[in-house]
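Residue strings, one per chain:
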Amino acid sequence: TQTGVVLDVNKPACLFSDLSRQQLLSGDFGNLLSSERWRFTPEEVQNPYHPSTRVFECDLRRSGGKRMPVEVSAKLMRQMGSDRILVMVRNISQRRELQDSLRASEAFKCDVLVDIPQLVAQWTRAGRLVYANDAFCQVFHSSLDALIGRPIQEFVWESELPSLENALDQLATFDAPQ
């Protein structure tokens, strides 16, 4: 309900929370989540044009003080003449771990690319510069902002331009595997 009284729970809710059905039914739902965003204000309840569903991420407080990252979907419903909130909770621990791992990997890659003494640059398929590390900028005596968008041909010896044009033509016709 709006006040946090739990009217019913299913078996997965008990497993998620490490609490028995009786413990969940006798407790306040608001104490289980690290966010109060599942609650709807009286103004929202009265407004027929207000979106009746919310989806957000927070932590589920489990028995023993443990926390589990979850995605919560809360839907405001009218049932038997009173307002009820149907709440669905999904464990997103694996997604969070993957996101953290990806962030760490991206940070490592950026550190390596920025700090490496060799020239590192990235161009679009059309041959426009989109990234260059500090070493690249130093060799060309320019800032990254001044280099971004410039064509690859400006960075290659004139005698190498035919080989470059051939490589760009081949790249333009290359389709990445689906």
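Look above for the structure.
Residues numbered from 1 in each chain as written. Predicted model: local features only at pLDDT ≥ 70, side-chain atom pairs only at ≥ 80, totals over all residues. Heavy atoms only, no water.

A. Just the overall build of the protein, in detail. In terms of helices and strands, the protein carries seven helices and five strands. For the protein, the N- to C-terminal ordering of α and β elements is α-α-α-β-β-β-α-β-β-α-α-α. Here the protein holds 178 residues, and 25% of them are scored as buried. Within the protein, residue pairs in contact and separated by at least 24 positions form 33% of the contacts whose partners lie at least 6 positions apart. Accessible area of the protein: about 12300 Å², with a carbon and sulfur share of 56%. (Helix = DSSP H or I, 4+ residues; strand = E, 2+ residues; numbered from the N terminus. Buried < 20%, exposed > 50% of the residue type's maximum accessible area, 1.4 Å probe, protein only. Contact = heavy atoms within 4.5 Å. Areas by Shrake-Rupley, 256 points an atom, 1.4 Å probe, with all protein chains shown as cover.)

B. Fine view of the pattern of salt bridges. Considering all chains together, one arrives at 11 salt bridges under this definition. Linking Arg-95 and Glu-71 is a salt bridge whose minimum nitrogen-to-oxygen distance equals 3.7 Å. Of this pair, Arg-95 sits in helix α4 (residues 93–115) while Glu-71 sits in strand β2 (residues 67–79), and the two are 24 residues apart along the sequence. Residue classification places Arg-95 among the partly exposed residues on the basis of a relative accessible area of 29%. Note on Glu-71: relative accessible area 22%, which makes it partly exposed. A salt bridge links Arg-103 to Asp-100, with the nearest nitrogen and oxygen atoms 2.7 Å apart. Residue Arg-103 and its partner Asp-100 are located together in helix α4, separated by three residues, close to a single helical turn. Residue Arg-103 is classed as exposed on the basis of its relative accessible area, which comes to 51%. (Salt bridge = Lys/Arg side-chain N within 4 Å of Asp/Glu carboxyl O.)

C. Inspection of unusual backbone geometry at higher detail. The backbone of Asp-18 sits at a positive phi, close to 60°, despite the residue not being glycine. By the secondary structure assignment, Asp-18 is in the loop between α1 (11–17) and α2 (21–26).

D. Local environment of a nonpolar patch on the surface. On the surface, a cluster of nonpolar side chains totalling about 260 Å² of accessible area is made up of Met-77, Leu-86 and Met-88. On the secondary structure map, Met-77 appears in strand β2. (Patch = residues over 30% accessible without salt bridge, like charges linked within 9 Å, V, L, I, M, F, W, Y side chains within 5 Å.)

E. Examining the nonpolar core more closely. Ranked by size, the top nonpolar core spans 13 residues in total, and within it Leu-24, Leu-33, Cys-58, Leu-60, Val-70 and Val-72 carry the most contacts. For this core, the elements supplying multiple residues, two or more each, are β1 (53–61) and β2. One finds Leu-129, Ala-132, Phe-136 and Cys-137 within the second-largest nonpolar core, a separate group that totals six residues. (Core = buried A, V, L, I, M, F, W, Y, C linked by side-chain atoms within 4.5 Å.)

F. Structural view of the side chain of Ser-17. Tracing the chain through its elements places Ser-17 in helix α1. A polar atom in the side chain of Ser-17 sits 2.9 Å from the backbone oxygen of Ala-13. Once you skip the residues sitting within four places of it in the chain, Ser-17 turns out to touch Leu-24, Leu-60, Arg-62 and Ser-63. (Polar contact = N/O pair within 3.5 Å; in protein donor to acceptor, adjacent residues only side chain to side chain.)

G. Quick peek at the pairing of β2. As paired elements, β1 and β2 share nine bridges and run antiparallel to each other. Note that in β2 the partner of Cys-58 across the bridge is Val-70. Between β1 and β2, which pair antiparallel one after the other, the connecting turn spans five residues, and Gly-64 there sits at a positive phi close to 75°. Both β2 and strand β3 (residues 82–91) contribute to a ladder of 10 bridges, which runs antiparallel. Each residue of the ladder has a partner; that of Val-72, found in β3, is Val-89. Between β2 and β3, which pair antiparallel one after the other, the connecting turn spans two residues, and Met-80 there sits at a positive phi close to 50°. (Pairing = 2+ DSSP bridges.)

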